[in-house]
Amino acid sequence: MLVYLAGPISGLNFEGATDWREYAKGELAQFGIKALSPLRFQEHMKAIGIFTDAAKETERLKSPMSTPKGLTIRDRWDAMRCDVLLVNLLAAPKVSIGTMLEIAWANSKDIPIVCAMEDAPAHTIDHNHLGWLAALIDGEGCVYVVRRVRDSGSPCFEFRIQVTMTDKEMIDAAYQRSNGLGVITGPYKRSNNPQWREAWRWTVNNKDAAILAQAIYPHLVIKRAQAALGFEIEKINAGFRPEGHKGHKGFQRRPPEIVQEQEDLYASWKAAQAREPVKFTPPAAYGNPHEHAMVNQLVGFRVPTLWDAVDVTRQLLAA
């Protein structure tokens, strides 16, 4: 009984790429199952540090099996001869093309595939619509952080993304392409000029605004900084908001240092609104990047932890 351990390697060091494989190998060995790692007999590659294409070139020459062709041939052979392909995509920062190839190779031989990956996010947006949504918000929308002061004197901050247009078809399309985020309101009469057409508004607030900002961030141009700063403010809010609430109802008291952190983020957002250069942290990837890769079409068993993946593999081979 043979299991091949597939998963990302680029961006990790040798220990980071082999730790989980050693764990899985030890667990499976208890049941007489042999596990193969793509890094077996490659200890000389510890000297690389972080695995990048440039860094690997210096060590590949030390073994024919470490060359790109040698690695590909053996990985393909392993993926196509194993009894189960066990894939670990937990916390993957980007799509692993090599792992996707290994899944395809195994699938071509009808080999069972067990994949450990975080649960799919509760709300997903079709990746084909992300560029369209970003262009609409960049061109016609507003990315707000609204600061209010409560009766207690403590400020609170709301994150909001909004698009107002006279063409309701565009507003409807934005709502639909975001997979139902936010609300549509209107029509609104424009009192400053009675001859102007009525307008419709698509508004996405707080938690939903963070989901949208996180998803479209890579495609934004003009409003990229505003979206990232609003996301950070909402991320802080989420930690003090009662479960089940999206707004500020029942908001728990925030320590002064947290309030100050949000004040600083708000000041940066105002600077970004004025088109001044500001420092900001890009939002984390929206869910696991492999959500939109081939993985969901080809894996037979998707589980949320590595322990579950090992257990399902053991049960498959014991059947």
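Definitions and limits used
Residues numbered from 1 in each chain as written. Predicted model: local features only at pLDDT ≥ 70, side-chain atom pairs only at ≥ 80, totals over all residues. Heavy atoms only, no water. Axes fitted to C-alpha atoms, helices over the stretch in contact; angles between N-to-C directions. Helix = DSSP H or I, 4+ residues; strand = E, 2+ residues; numbered from the N terminus. Parallel < 35°, antiparallel > 145°, perpendicular 65-115°, else oblique. Left-handed = near helix turned anticlockwise from the far one by under 90°. Contact = heavy atoms within 4.5 Å. Buried < 20%, exposed > 50% of the residue type's maximum accessible area, 1.4 Å probe, protein only. Arc of directions from axis to C-beta. Pairing = 2+ DSSP bridges. Salt bridge = Lys/Arg side-chain N within 4 Å of Asp/Glu carboxyl O. Polar contact = N/O pair within 3.5 Å; in protein donor to acceptor, adjacent residues only side chain to side chain.

Concerning the packing of helix α7 (residues 206–216) against helix α8 (residues 224–238)
Where α7 meets α8, the axes come as close as 9 Å, and the angle between the chain directions of the two elements is 140 degrees. Judged by the angle between their axes, α7 and α8 are oblique. Remark: the crossing between α7 and α8 carries left-handed chirality. Counting all contacts with α7, which are made through Asn206, Lys207, Ala210, Ala213 and Gln214, the residues of α8 involved are Ala227, Phe231 and Glu234.

Brief notes about helix α6 (residues 168–177)
Among all positions of α6, only Ile171, Ala173 and Ala174 are buried. The buried residues of α6 occupy one face: seen down the axis, they fall within an arc of 160 degrees. Turned more than 90 degrees off the buried face of α6, the exposed positions are Glu169 and Gln176. Structurally, α6 contributes buried residues whose contacts are with α5 (130–140), β6 (155–165), β7 (183–188) and β8 (199–205).

A few points about the packing of α5 against α7
Contact geometry for α5 and α7: axes closest at 9 Å, N-to-C directions at 110 degrees. In terms of axis orientation, α5 runs roughly perpendicular to α7. Across the interface between the two elements, Leu130, Leu133, Ala134 and Ile137 from α5 touch Leu212, Ala215 and Ile216 from α7.

With respect to the pairing of strand β5 (residues 141–149)
Of the pairings in the sheet, the one linking β5 to β6 comprises nine bridges and is antiparallel in character. Counted as the bridge partner of Val143 is Ile161 from β6. Connecting the antiparallel pair β5 and β6 is a turn made up of five residues, with Gly153 showing a positive phi of about 95 degrees.

Regarding the pattern of salt bridges
One pass over the full model with this rule turns up ten salt bridges. Here Asp78 ties to Arg81 by a salt bridge, and the two come within 3.0 Å at their closest N and O atoms. Highlighted residues: Asp78 and Arg81, both in helix α3 (residues 68–81), separated by three residues, approximately one helical turn. For Asp78, a relative accessible area of 0% corresponds to the buried category. In this structure, the salt-bridge partner of Asp172 is Lys168, at a minimum N-O distance of 3.0 Å. In this pair, Asp172 and Lys168 are both assigned in helix α6, four residues apart and thus about one turn of the helix distant.

Points about unusual backbone geometry
Between Gly186 and Pro187 the backbone carries a cis peptide bond, its omega angle lying at 5 degrees. Considering the arrangement of structural elements, one finds Pro187 in strand β7. Positive phi, close to 65 degrees, is recorded for Arg275, a residue that is not glycine. Summarising the element assignment, Arg275 is placed in the loop between α9 (256–273) and α10 (295–298). Judged by its relative accessible area of 61%, Arg275 is exposed.

Overview of the sheet that holds strand β4 (residues 113–116)
Spatially, five strands are ordered β2-β1-β3-β4-β9 in an open sheet, and the strand pairing comes out parallel. Each of the sheet's edge strands pairs with one partner strand only, and the pair in question is β2 (34–36) and β9 (301–303). Looking at each pair of strands side by side, their axes are set apart by 20 degrees on average, direction ignored. Summarising the sheet, strand β3 (residues 84–88) and β4 pair through four bridges and their orientation is parallel. Within β4, the residue paired with Val87 across the bridge is Cys115.

Side note on the environment of Arg147
Take Arg147: it is sitting in strand β5. Take Arg147: its relative accessible area is 35%, and that puts it in the partly exposed class. On a C-alpha basis, the gap between Arg147 and Phe157 in space is 4.6 Å, while along the polypeptide they are ten residues apart. Aside from chain neighbours lying at most four places away, what touches Arg147 is Pro155, Cys156, Phe157, Glu263 and Tyr266. Among the polar contacts listed, one links the side chain of Arg147 to the side chain of Glu263, at a separation of 2.8 Å.

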